[in-house]
There are 2 protein chains.
Amino acid sequence: MNVQSSHGHSHSKGPQSLRLTKGAKKVLEVLERTDELSSAQDIHSALRNEEDSPPGLTTVYRSLESLVQLGLVQSVDFGDGERRYEMVKPGEHHHHLVCEKCRNSVHLDQCLVQQLEESIQAKYKFEVRGHILEIFGLCEQCQQAMAPAGKNQ
Amino acid sequence: MNVQSSHGHSHSKGPQSLRLTKGAKKVLEVLERTDELSSAQDIHSALRNEEDSPPGLTTVYRSLESLVQLGLVQSVDFGDGERRYEMVKPGEHHHHLVCEKCRNSVHLDQCLVQQLEESIQAKYKFEVRGHILEIFGLCEQCQQAMAPAGKNQ
DNA sequence: TTAGTACTGAAAACGGTTTTCATTTGCCCG
DNA sequence: CGGGCAAATGAAAACCGTTTTCAGTACTAA
């Protein structure tokens, strides 16, 4: 994976080249210091609060697209119509346990699907290239908080 | 799970009650005879081609919501911004292998996550209540079709 | 400096989904 | 046999995250 700085010449015709533009660097900085998953809007607001001339929403989206393609960021879809993003080690990815009450999430330390690829390949003759896996439920604290009276959520 | 016919009196305040309305029955009929996953639009067009006074798109969406809540239908999100639906045995669910080229999909015959719930519970003290899992790649035919020259898609 | 290309931002377009609201439907009950 | 009501319905508008358009800017190479 060859990450260069912006403005070299490339002949790719995509929306933008796969280089770290100024905007993309700022976006990456935000993600670097965030543990939780961030939406494009989250990132945009974060930048608005700290930059004198923050990148616009459009640039944030475009930067995220590049960063995802570079393998520095993964996008996560919880099926709620809003994509979230987070940093990953280049080329890696992981999944989450997402608490339905407090909305916090923890990374799973291993990819459960990867282990299954071989058997899926064998059984279905299907070449696995990607997957979505997110798990929802209640984290420890929220379980306790709900235990006394079965209300809320 | 108590599925009744429409127009009984209920005191739920949701968008609509959890009964099989006329529209919902038509929607269910479409899903009943479809193997592939269908979007709301798919279902709507299917009905337009065969009903004299087909339910509108709005009703299709509302029906799907009820059917999902009744456990008769599951909604599937591939992260491409369009939800698909399919019939399931009440209370059950399953996942798919989706071919990225021909877009066909096959059901997995068992839920891979269910088997993991116990260990997730033990390791993370997390109470699993739901999950998203979809696997993308190439089906057998499309692998072969792409083998000769590595073009396409 | 100049030319060329990538980057950027504002606004508009997009597309699936949801909401609004006025109308219709069908059951209950007198 | 209606009248009354709550639920269901449809058309149109609103929503909302995301993408596209397009004109202006910034950077790099030469």
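Because the structure is a prediction, the values reported are computed rather than measured.

Calculation rules
Residues numbered from 1 in each chain as written. Chains lettered and ligands numbered in written order. Predicted model: local features only at pLDDT ≥ 70, side-chain atom pairs only at ≥ 80, totals over all residues. Heavy atoms only, no water. Contact = heavy atoms within 4.5 Å. Buried area = accessible area lost by both parts, 1.4 Å probe. Salt bridge = Lys/Arg side-chain N within 4 Å of Asp/Glu carboxyl O. Polar contact = N/O pair within 3.5 Å; in protein donor to acceptor, adjacent residues only side chain to side chain. Helix = DSSP H or I, 4+ residues; strand = E, 2+ residues; numbered from the N terminus. Pairing = 2+ DSSP bridges. Core = buried A, V, L, I, M, F, W, Y, C linked by side-chain atoms within 4.5 Å. Buried < 20%, exposed > 50% of the residue type's maximum accessible area, 1.4 Å probe, protein only.

Student: Got a minute to help me understand the interface of chain B and chain A in this structure?
Tutor: Accessible area lost on assembly of the parts is the figure often given for the size of an interface. Across the boundary between the two partners, chain B contributes 36 residues, which contact 36 residues of chain A. When chain B packs against chain A, close to 3,000 Å² is buried across both sides, 61% of that on carbon and sulfur atoms. Here chain B and chain A share two salt bridges between them. Salt-bridge contacts for Lys 123 of chain B lead to Asp 109 of chain A; the nearest nitrogen and oxygen are separated by 3.0 Å. Counting the contacts that link chain B with chain A gives 16 residue pairs in polar contact (both at pLDDT 80 or more). Elements with a contribution of two residues or more to the side of chain B that touches chain A: strand E4 (96-99), strand E5 (105-107), helix H4 (114-124), strand E6 (127-138) and helix H5 (140-146) of chain B. Looking at the side of chain B that touches chain A, the element that brings in the most residues is E6 of chain B, giving 12 residues. Bridging between strand E6 (residues 127-138) of chain A and E6 of chain B involves 11 bridges; their strand directions are antiparallel. Note on E6 of chain B: the bridge partner recorded for Leu 133 of chain A is Leu 133 of chain B.

Student: Would you explain the nonpolar core in this entry?
Tutor: The nonpolar side chains of soluble globular proteins are, as a tendency, buried together. By size, the foremost hydrophobic cluster in this structure holds 30 residues, and its most contacted members are Phe 126, Leu 133 and Ile 135 of chain A together with Phe 126, Leu 133 and Ile 135 of chain B. Of all elements in the fold, only strand E4 (96-99), E6 and helix H5 (140-146) of chain A together with E4, E6 and H5 of chain B reach the threshold of two or more residues within this core.

All quantities given are derived from atomic positions and should not be read as evidence of function.
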